[in-house]
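Coordinate inspection notes
The chain contents come next:
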Amino acid sequence: MTRFEFTAQLRKALSGRVNHAAVNENVTYYENYIDTEIRKGRREQEVLEELGDPRLIAKTIIDTAKEEDWATSETAEEEKKGNFFTGKSIRLPVWIFVIVLLLLAVLILHIVGAVLAFLLPIAIPVALVWLLIRFFRRS
């Protein structure tokens, strides 16, 4: 077996069982490992014999992936990135809700105060004129 056959078998055994990124990560790791060992002066065949069956390595990777909660579909990486937008609930601490409610209360009071500050200088003279007109019409 050559290193190309080894990595091809590893890729095939991992495909569809772990996400695409995990397949590429593991295949790249073993390619780099084999290259490094060959540069150290070892023979390719010797390194591959030491590694063993790529299907057995793939099984170990798959088992580890399940334990680490890696997703088992090709679209898993996209799903993990999209958790915020997929409608999955996120639990926030209670103190964040308290702060948000307090900020909303301050905002509402500010708006009410601004409206009253604008209307009172107009509403008081209008009310006084209306009361005077009503008083003189009765008399």
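The structure reproduced in this document is the subject of the present report.

Rules of the game
- Residues numbered from 1 in each chain as written.
- Predicted model: local features only at pLDDT ≥ 70, side-chain atom pairs only at ≥ 80, totals over all residues.
- Heavy atoms only, no water.
- Axes fitted to C-alpha atoms, helices over the stretch in contact; angles between N-to-C directions.
- Helix = DSSP H or I, 4+ residues; strand = E, 2+ residues; numbered from the N terminus.
- Left-handed = near helix turned anticlockwise from the far one by under 90°.
- Contact = heavy atoms within 4.5 Å.
- Nonpolar A, V, L, I, M, F, W, Y, C, P; charged D, E, K, R; others polar.
- Buried < 20%, exposed > 50% of the residue type's maximum accessible area, 1.4 Å probe, protein only.
- Arc of directions from axis to C-beta.
- Phe/Tyr/Trp six-rings, centres within 6.5 Å; stacked < 30°, edge-to-face > 60°.
- Salt bridge = Lys/Arg side-chain N within 4 Å of Asp/Glu carboxyl O.
- Patch = residues over 30% accessible without salt bridge, like charges linked within 9 Å, V, L, I, M, F, W, Y side chains within 5 Å.
- Areas by Shrake-Rupley, 256 points an atom, 1.4 Å probe, with all protein chains shown as cover.
- Expected span 1.5 Å × (residues − 1).

Moving on, we get to the packing of helix 1 (residues 3-14) against helix 4 (residues 54-67). Closest axis-to-axis distance for the helix 1/helix 4 pair is 8 Å, and the angle between their directions is 40°. Judged by the twist between their axes, the crossing of helix 1 over helix 4 is right-handed. In this structure, helix 1 uses Phe6, Gln9, Leu10, Ala13 and Leu14 to contact helix 4, whose residues at the interface are Pro54, Arg55, Ile57, Ala58, Ile61 and Ile62. Class assignment for the residues of the contact of helix 1 with helix 4 results in nine nonpolar, one polar and one charged.

Before going further, it helps to examine helix 3 (residues 44-51). Those residues of helix 3 lying buried are Val47, Leu48 and Leu51. Looking straight down helix 3, one finds that the buried residues subtend no more than 95° of arc, so they occupy a single side. Here the buried face of helix 3 lies against helix 1, helix 2 (20-39) and helix 4. Just beyond helix 3, the residue with positive phi is Gly52, at close to 90°.

Under the criterion given, the structure shown has four aromatic pairs. Aromatic pair Tyr29 and Tyr33: ring centres 6.5 Å apart, planes at 20°, arrangement stacked. Residue Tyr29 and its partner Tyr33 are both found in helix 2; the two are separated by four residues, about one turn of the helix. Judged by centre distance (5.5 Å) and plane angle (70°), the ring pair of Phe135 and Phe136 falls under edge-to-face.

Inspection of every chain in the model, using the stated rule, returns eight salt bridges. Glu50 serves as the salt-bridge partner of Arg42, at 2.7 Å between the closest nitrogen and oxygen. Residue classification places Glu50 among the partly exposed residues on the basis of a relative accessible area of 45%. Through salt bridges with shared partners, a single network forms among Glu37, Lys40, Arg42, Glu46 and Glu50.

A cluster of nonpolar side chains, namely Val100, Leu101, Leu104, Leu107, Ile111, Val115, Phe118, Leu119, Ile122 and Val126, defines an oily patch on the protein surface of about 930 Å² accessible area. Assessed through its relative accessible area of 41%, Val100 is described here as partly exposed.

Here helix 4 contains 14 residues, and its C-alpha end-to-end distance of 20 Å stays within 8% of the 20 Å for a straight helix at 1.5 Å per residue. Looking at helix 4, one finds that the buried residues are Pro54, Ile57, Ala58, Ile61, Ile62 and Ala65. Buried positions in helix 4, seen along its axis, are confined to an arc of 140° and lie on one side of it. Among the exposed residues of helix 4, those oriented more than 90 degrees off its buried face are Leu56, Lys66 and Glu67. Of the surrounding secondary structure, the elements contacted by the buried residues of helix 4 are helix 1, helix 2 and helix 3.

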